[in-house]
Amino acid sequence: MSKDSSAFGPWPSLAYVDSGLDRAAARRGDPDFLAAAEADPNTRFYVTGGDLIVLARRGETLDPLFRPAEAAAFGPAVETVFLGLADKAARIGHGLAPETAAQLKTRPELLVIDLRSIAVQGLVSPAQLPPLAAAKAVLAWHGRHRFCANCGAPTKSSEAGWRRDCTSCGVFHFPRTDPCVIMLAISGERCLLAHQARFSAGMWSCLAGFVEPGETLEEAVRRETFEEAGVKVGGVRYYASQPWPFPMSLMVGCHAEAVSTELVIDRGEIADARWVSRAEAGLMLARQHPDQLYAPPPTAIAHHLIRAYVEEGTAVLENPAGAGAR
Ligand SMILES: [Zn+2]
């Protein structure tokens, strides 16, 4: 996201995107390369344990990268994943057992914390978030896929942590990414925001939902908006996507043209929904709303979808390239 500054200042970084890391996927099947990388003193490890990430306190900064000996000293990895190359030096995810990572919380030289807090609080540089997200997502996937979904036999990691192979029937299992649409429905000078019961009081965001099998992104946007808020949607314009490793989704951000405005709220899905004026949405982004309502943080794609609409209005719905949008 690189846009000129505006009334809201420079555009913030979307979290978990733009690492600059070379994934070097062609090396994943080369065991000699991987063995050499694990021992290379230039290699750096990201250390996770379930939902927890281990950071080193180094002077005034928090560092997510550990040298090979440092990572090994935390304990054996349950699984590892080769994340790629940074200036030809390997980056590897070192997955501890969750309870082992939790025990590290007592160590004063470390900060053991969840990834969402790291992103929202800006604890590490933005470029470190994508490999942390990949490591957390893939290593947690290994933990949930120890047995073959086809035959029930144990599986083992292969392809440098990017696949699990069944030891009995031979089926390959790949880490999933679950697409999830997140959309801002727009009706002229108003947009549709929702409050979820799990949100902090005062936070309102876009509607969102998982894409179902056999469904296009546009269809998912229309279905979810109608199911959750009773609003019919016409044109859909893709805006941007964001990896969302909680546990392993891809958020597909869209602007959607509302063709009805009456709200029929599904209270089983969302706590509330309302039409918010463009001006009011701007106050929510800036946290200046008179009722202390606010939008999600700048790290989240919802913030970017709302901001683009506040700045550009219904121009965000123009879609010269979107042949499939209507
Ligand atoms: Zn099997």
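Our subject is the structure that appears above.
So, here's what we can say about the structure. (Residues numbered from 1 in each chain as written. Predicted model: local features only at pLDDT ≥ 70, side-chain atom pairs only at ≥ 80, totals over all residues. Heavy atoms only, no water.)

With that settled, consider the packing of helix 7 (residues 278–285) against helix 8 (residues 301–312). Contact geometry of helix 7 with helix 8 gives a least axis separation of 9 Å together with a crossing angle of 135°. With respect to each other, helix 7 and helix 8 are oriented oblique. When you trace helix 7 past helix 8, the crossing you get is left-handed. On the side of helix 7, the interface is formed by R278, A281, G282 and L285, while helix 8 contributes H303, I306, R307, Y309, V310, E311 and E312. For the contact of helix 7 with helix 8, a count of residues per class yields 5 nonpolar, 2 polar and 4 charged. (Axes fitted to C-alpha atoms, helices over the stretch in contact; angles between N-to-C directions. Helix = DSSP H or I, 4+ residues; strand = E, 2+ residues; numbered from the N terminus. Parallel < 35°, antiparallel > 145°, perpendicular 65-115°, else oblique. Left-handed = near helix turned anticlockwise from the far one by under 90°. Contact = heavy atoms within 4.5 Å. Nonpolar A, V, L, I, M, F, W, Y, C, P; charged D, E, K, R; others polar.)

Around the zinc ion, the protein contributes the donor atoms C148 (SG), C151 (SG), C166 (SG) and C169 (SG), which lie 2.2 to 2.4 Å from the metal centre. Around the zinc ion, the 4 donor atoms are arranged such that angles at the metal cover 100 to 114°; this shape is classified as tetrahedral. Here the donor residues for the zinc ion map to a single chain with the spacing C-x2-C-x14-C-x2-C. Linking C148 in the loop between helix 5 (129–144) and strand 7 (155–158) with C169 in the loop between strand 8 (163–166) and strand 9 (172–173), this pair joins segments that are 21 residues apart in sequence. (Donors = N, O, S within 2.8 Å, 3.2 Å for Na, K, Ca; no water. Tetrahedral: all angles 85-135°; square planar, octahedral: opposite > 155°, others 65-115°.)

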